[in-house]
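Chain and residue survey
If you want the building blocks of each chain, they are given just below.
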Amino acid sequence: MPRILHIGVGNFFRAHQADYTQAAGWRVTGVSLRSPGIRDGLAAQGYDYTLVVKDADGTEMRAITCLDDVLVAPENPGAVVSAIASDAYDVITLTVTEKAYYLAPAGHLDVARKEVLDDLVSGPATVIGYLARGLAARHAPVTVLCCDNLPKNGAKIKAAVTSFARLAGLEIATDVSFPSSMVDRITPATSDAIRVEASDPMAVPTEKFTEWVVEDAFAAARPDWPGVQWVDDVAPHEMRKLRMLNGAHSYLAYAGVLAGYEFVHEAVGDAALRKGAAALMAEASQTLPEGVRGQAPAYAEALLERFDNPNLHHRLRQIAMDGSQKMPIRVVETMRARTSDSPALAAAVTAWVAFVRAEVAAGRELDDPRAEDLVAACLGPDPEAALRAIVGA
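So, here's what we can say about the structure. (Residues numbered from 1 in each chain as written. Predicted model: local features only at pLDDT ≥ 70, side-chain atom pairs only at ≥ 80, totals over all residues. Heavy atoms only, no water.)

Turning our eyes to something else, we now look at the overall build of the protein chain. A count of helical and extended segments in the protein chain gives 18 helices and 12 strands. Radius of gyration (C-alpha) of the protein chain: 21 Å, near the 21 Å computed for a compact globule of 393 residues. With the principal axes as the frame, the protein chain shows a C-alpha extent of 55 × 50 × 45 Å. When the 393 residues of the protein chain are sorted by exposure, 54% land in the buried category. Within the protein chain, counting contacts between residues at least 6 apart in sequence, those at least 24 apart form 75% of the total. With an accessible surface of roughly 16,100 Å², the protein chain has 52% of that area assigned to carbon and sulfur atoms. Averaging the locations of the 37 positively and 50 negatively charged side chains of the protein chain gives two centres separated by 2 Å. (Helix = DSSP H or I, 4+ residues; strand = E, 2+ residues; numbered from the N terminus. Rg over C-alpha atoms; globule rule 2.2 N^0.38 Å. Buried < 20%, exposed > 50% of the residue type's maximum accessible area, 1.4 Å probe, protein only. Contact = heavy atoms within 4.5 Å. Areas by Shrake-Rupley, 256 points an atom, 1.4 Å probe, with all protein chains shown as cover. Lys, Arg positive; Asp, Glu negative; His and termini not counted. Charge placed at Lys NZ, Arg CZ, Asp CG, Glu CD.)

Here's what the structure looks like:
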């Protein structure tokens, strides 16, 4: 049976790619780059789990059974490198969050980061380091498919792996393709209520809507994922999603927390915040390529309907994490692409600045890879300007 190696076995993978892959009839070996917690929980139940699909009309329980093992990188780094090198896998997919690639603001591998330097000397430890070492030991063609919210994610991961390999003195001789992809399925963190409802400690909640757009550039066997849009250029689709959905999500997260809300459906139910989110999407839509710009009004309306879902308890603070990484991609780049004033997008930056300052003032720990820089900015002589400089606004 054909197989996929998937790095990053968090909720999003288990709600999105695993669901598609099961429908395609492929099997998956997972990799956890950090802790054994997910592996241990899944192993206790044969790696099967329940996908809890919720929309305004009700709930569907779906058994996911395509996952049959999870490697834990810190326990056995060599096993992960060997898996990447193995011809048992035709596709390697990734969902490790934007920050885990250690990319500089310009999009290339940040070789000044301690994590990258440590990996070069003592690794493997980062996903880029694992990929470079595994691909250098590989002989069969393979496709590496990034499924994280990064524009031009395929090209960026290819450049990062190539850069790391060069610095490490590695040669990648086999045929490797790095297609780009755009993924979309709102997936909250699992709650105790979901676990009880599903009678499954490893259950994952998600919405009914799902979308996957993939560049049709595979070096080896390609899964027949049902419902996937196979395209020559993912960029217009990923731009639509990042600038409209993710941008509005970030605005609602920061403004919503400041207004005292806990969940997305509560924030979007506030008339003023709903108006702000709609205005942000309208501004963002004007920056889209012509091929998808005509879809924007209907897309925006559908997004608000998805945000309204009262059965999907998506915490605003889950979306608010890693703002220093997300705001440049989701909001600031959109502002730069416009030729006129952008009051709604500017309001999103203002909300992020106010959120960070409020968190620091309250003594709460920031869930952000640049937390130390953000705290220092807040304690400096001009916090507003310093925070805006961090995200390039």
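Moving on, we come to the packing of aromatic side chains. Tallying each qualifying case throughout the model produces six aromatic pairs. Residues Tyr-254 and Phe-355 carry aromatic rings whose centres are separated by 5.0 Å and whose planes lie at 50° to one another, so their mutual orientation is tilted. Placement of the pair is Tyr-254 in helix 9 (residues 235-258) and Phe-355 in helix 16 (residues 343-361), with a sequence separation of 101 residues. (Phe/Tyr/Trp six-rings, centres within 6.5 Å; stacked < 30°, edge-to-face > 60°.)

Taken together, three strands build an open sheet; the order of strands is 4-3-10 and the sheet is mixed. Sheet topology places strand 4 (58-64) and strand 10 (204-207) at the edges, where each strand pairs with a single neighbour. Shown here is a sheet whose adjacent strand axes are inclined to one another by a mean of 30°, direction ignored. Summarising the sheet, strand 3 (residues 49-55) and strand 10 pair through four bridges and their orientation is parallel. Within strand 10, the residue paired with Lys-54 across the bridge is Glu-207. (Pairing = 2+ DSSP bridges. Axes fitted to C-alpha atoms, helices over the stretch in contact; angles between N-to-C directions.)

Let us now look at the sheet that holds strand 7 (residues 142-146). Taken in spatial order, the six strands make up an open sheet running 5-2-1-6-7-8, and their pairing is parallel. In this open sheet, the two edge strands, each paired with only one partner strand, are strand 5 (67-72) and strand 8 (176-177).

Among the five residues in strand 7, five count as buried, and that is most of the element. Of the two faces of strand 7, the one carrying Val-142, Val-144 and Cys-146 and the one carrying Thr-143 and Leu-145 are both buried. Both strand 6 (residues 91-94) and strand 7 contribute to a ladder of four bridges, which runs parallel. Across the sheet, Thr-93 pairs through a bridge with Leu-145, a residue of strand 7. Relative to strand 8, strand 7 is paired through two bridges, and the arrangement is parallel. When the sheet's bridge partners are listed, Thr-143 is paired in strand 8 with Ser-177. With helix 7 (residues 153-168) bridging strand 7 and the parallel strand 8, this β-α-β connection has right-handed handedness. (Right-handed = clockwise from strand over helix to strand, strands pointing away.)

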